[in-house]
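# Fold and contact review
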Amino acid sequence: MKKNSIRMSVRPNHAKRTFTIRKYENGKCYVKYRTYEFPKTEFEDMLGFTESDWKNWLWTQDAYYVVR
């Protein structure tokens, strides 16, 4: 039995101060999120987030929307 591999990729957009978050399962993107624009200091703080931080953020916040 093959174990599903779920991975997350987060890319910042410095000009817009947003993040694009993609979730992959077995190498294929199955959902893409985009955050709303953040104030400069909050955006800079979030640049240091780990994958675990992002998972928690997605679970607890609603400052993003599904792109596809």
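Computed from a prediction, not measured in an experiment: that's the story for all the values here.

### Digging into the overall build of the protein
Scanning the protein from N- to C-terminus turns up two helices and four strands. Listed N to C, the secondary structure of the protein is β-β-β-α-α-β in terms of helices and strands. Its C-alpha atoms put the protein at 45 × 20 × 20 Å along the principal axes. Within the protein, contacts between residues at least 6 apart in sequence are counted, and of these 40% link residues at least 24 apart. Of the side chains in the protein, 14 bear a positive and 8 a negative charge, and the two mean positions are spaced by 12 Å.

### Brief notes about unusual backbone geometry
Positive phi, close to 55°, is recorded for Arg17, a residue that is not glycine. Inspection of the secondary structure puts Arg17 in the loop between β1 (6–13) and β2 (18–25). Even without being a glycine, Asn26 presents a positive backbone phi close to 50°. Position of Asn26 among the secondary structure elements: in the loop between β2 and β3 (28–35).

### Quick look at the sheet that holds β3
One open sheet accounts for four strands, arranged β1-β2-β3-β4; its pairing is antiparallel. Two strands close off the open sheet at either side, each with one partner strand: β1 and β4 (64–66). Strand-to-strand twist in this sheet, taken as the mean axis angle between neighbours without regard to direction, amounts to 25°. Where β3 lies against β4, three bridges are found, and the strand directions are antiparallel. Within β4, the residue paired with Arg34 across the bridge is Tyr65.

### Observations regarding the packing of aromatic side chains
Aromatic ring pairs: the centre-centre distance and the angle between the two ring planes describe each pair. The full count for this structure, using the stated rule, is nine aromatic pairs. Where Tyr33 meets Tyr64, the ring centres are 5.1 Å apart and the plane angle is 80°; that geometry is what we call edge-to-face. Taken together, the residues span a long stretch of sequence, with Tyr33 in strand β3 and Tyr64 in strand β4 at a distance of 31 residues. The rings of Phe19, Tyr33, Phe38, Phe43, Phe49, Trp54, Trp57 and Tyr64 are connected pair by pair, giving a single aromatic cluster. Here Arg7 stacks its cationic end above the ring of Tyr24, 4.6 Å away from the centre of that ring.

Cut-offs applied
- Per chain, the residues get numbers from 1 upward, laid out in the order the sequence is written.
- In keeping with the predicted nature of the model, local features appear solely for residues at pLDDT of at least 70, side-chain atom pairs appear and are counted solely at 80 or more, and the whole-chain, interface and lining totals rest on all residues.
- To obtain the side-chain values, all non-hydrogen atoms of the structure were used and water was disregarded.
- Helix and strand definitions here come from DSSP, where helices need a minimum of 4 consecutive H or I residues and strands a minimum of 2 consecutive E residues; each element is numbered from the N-terminal end.
- Contact definition: two residues touch when any of their heavy atoms are within 4.5 Å.
- When charges are counted, Lys and Arg contribute as positive and Asp and Glu as negative, whereas His and the chain ends are disregarded.
- Charge placement uses NZ in Lys and CZ in Arg. For Asp and Glu, CG and CD serve respectively.
- At least two DSSP bridges between two strands are required for those strands to pair.
- Lines fitted to C-alpha atoms define the axes here, with helix axes fitted over just the stretch in contact, and angles between the N-to-C directions of these axes take values from 0 to 180 degrees.
- Stacked, tilted and edge-to-face are the three classes applied to pairs of Phe, Tyr and Trp rings, where Trp contributes its six-membered ring and a pair requires centres within 6.5 Å; stacked means planes under 30 degrees apart, edge-to-face means over 60, and tilted covers the rest.
- Note on criteria: charge over ring means Lys NZ or Arg CZ within 6 Å of the ring centre, with the direction from the centre no more than 35 degrees off the ring normal.

It is worth stressing that arrangement in space is one thing and function is another; only the former is reported here.
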